[in-house]
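Understanding the architecture of this molecule
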Amino acid sequence: MRRSRAPRAPRLLLVAAAAVLAAEGTGCGAGASQGPETTAAAIASIDARLRGSFRLVRFDPEVPLEPMLASMLEFQYAHLVIRFDGRRILADSPGLHVDRAYEIRDPAWDRFKLVSYDEAGVAYEAICQFSGDGELVVHAQTPPWKGVATLRRAP
């Protein structure tokens with residue numbers, strides 16, 4: 001039996017939001033030039049800032065979404081809460097629960113690469129950057145959620 005794309009779409013939304021981004025902004029040069037202790041300290045600092053809950057407030061897809069995916073996305077703005085606990089991304093909204101492992105790579109100031117893994121172990125990469133007002137901007141590279149998501153720290 002063929003699965004429709006719609007039930008899988010909310011899981012992919014997490015990849016866009018979190019999880020999971022553009023090679024042009026990876027900050028690899030900064031992370032690659034650091035020693036192991038410096039890189040570990042930078043990752044720990046990013047991890048401490050990332051831990052906690054965020055809400056999806058915006059997603060700008062690179063390519064317009066089909067109507068059903070667009071309406072599912074619109075619903076998520078008011079409901080999706082994404083929590084980072086240092087090892088797992090947990091995303092919850094009515095009808096959606098996602099639990100994935102993640103890791104932080106290539107830290108460079110407020111920017112880092114976030115790699116999350118789906119149930120089959122497939123890696124999804126995103127370039128994330130902390131911005132003002134408790135926001136996290138996520139540049140997702142995985143279709144159909146390729147684009148830029150903005151998450152805001154939940155109260």
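Residues numbered from 1 in each chain as written. Predicted model: local features only at pLDDT ≥ 70, side-chain atom pairs only at ≥ 80, totals over all residues. Heavy atoms only, no water.

**Looking at helix 3 (residues 36-50)**
Spacing of three or four residues puts side chains on the same side of an α-helix, whose turn is 3.6 residues. Between its first and last C-alpha atoms helix 3 spans 21 Å; for 15 residues at 1.5 Å apiece the expected length is 21 Å, and the two agree. Those residues of helix 3 that sit buried are Thr39, Ile46, Asp47 and Leu50. Along helix 3, the residues classed as buried sweep out an arc of 105 degrees about the axis, all on the same side. In helix 3, the exposed residues that point more than 90 degrees away from the buried face are Glu37 and Ala48. In the stretch just after helix 3, Gly52 is the one whose phi turns positive, near 125 degrees. (Helix = DSSP H or I, 4+ residues; strand = E, 2+ residues; numbered from the N terminus. Expected span 1.5 Å × (residues − 1). Buried < 20%, exposed > 50% of the residue type's maximum accessible area, 1.4 Å probe, protein only. Arc of directions from axis to C-beta.)

**Digging into helix 4 (residues 67-79)**
With 13 residues, helix 4 extends 19 Å from end C-alpha to end C-alpha; this agrees with the ideal 18 Å at 1.5 Å per step. Of all the positions in helix 4, only Leu69, Leu73 and Gln76 are classed as buried. Seen from one end, helix 4 has its buried residues packed into an arc of 55 degrees, which puts them on one side. Residues of helix 4 that are exposed and point more than 90 degrees away from the buried face comprise Pro67, Glu74 and Ala78.

**Quick word on the packing of aromatic side chains**
Evaluated as defined, the whole model comprises three aromatic pairs. Between Phe84 and Tyr102, the ring centres sit 5.5 Å apart and the planes meet at 90 degrees, which makes this aromatic pair edge-to-face. One end of the pair, Phe84, is in strand 2 (residues 81-84); the other, Tyr102, is in strand 4 (residues 96-108), and 18 residues separate them in sequence. Across the pair, exposure class does not vary: Phe84 and Tyr102 are buried alike. Of the aromatic side chains, those joined through ring pairs into one cluster are Phe54, Phe84 and Tyr102. It is Arg49 that lies over the ring of Phe130; its NZ or CZ is 4.2 Å from the centre. (Phe/Tyr/Trp six-rings, centres within 6.5 Å; stacked < 30°, edge-to-face > 60°. Lys NZ or Arg CZ within 6 Å of the ring centre and 35° of its normal.)

**Concerning the pairing of strand 3 (residues 88-93)**
Of the pairings in the sheet, the one linking strand 2 to strand 3 comprises four bridges and is antiparallel in character. Counterpart to Arg83 in the pairing with strand 3 is Leu90. A loop of three residues connects strand 2 with strand 3, the two strands running antiparallel in sequence, and Gly86 in this loop sits at a positive phi of about 100 degrees. Summarising the sheet, strand 3 and strand 4 pair through six bridges and their orientation is antiparallel. Directly across from Leu90, in strand 4, lies its bridge partner Asp99. (Pairing = 2+ DSSP bridges.)

**Re the nonpolar core**
Across soluble globular proteins, nonpolar side chains show a tendency to be buried alongside one another. Of all hydrophobic cores here, the largest spans 27 residues; its most connected members are Leu50, Phe84, Phe112, Leu114 and Leu136. Setting aside residues no more than four positions away along its own chain, Phe112 makes contact with Ile46, Leu50, Ile104, Arg105, Asp106, Pro107, Ala126, Ile127, Cys128, Phe130 and Leu136. (Core = buried A, V, L, I, M, F, W, Y, C linked by side-chain atoms within 4.5 Å. Contact = heavy atoms within 4.5 Å.)

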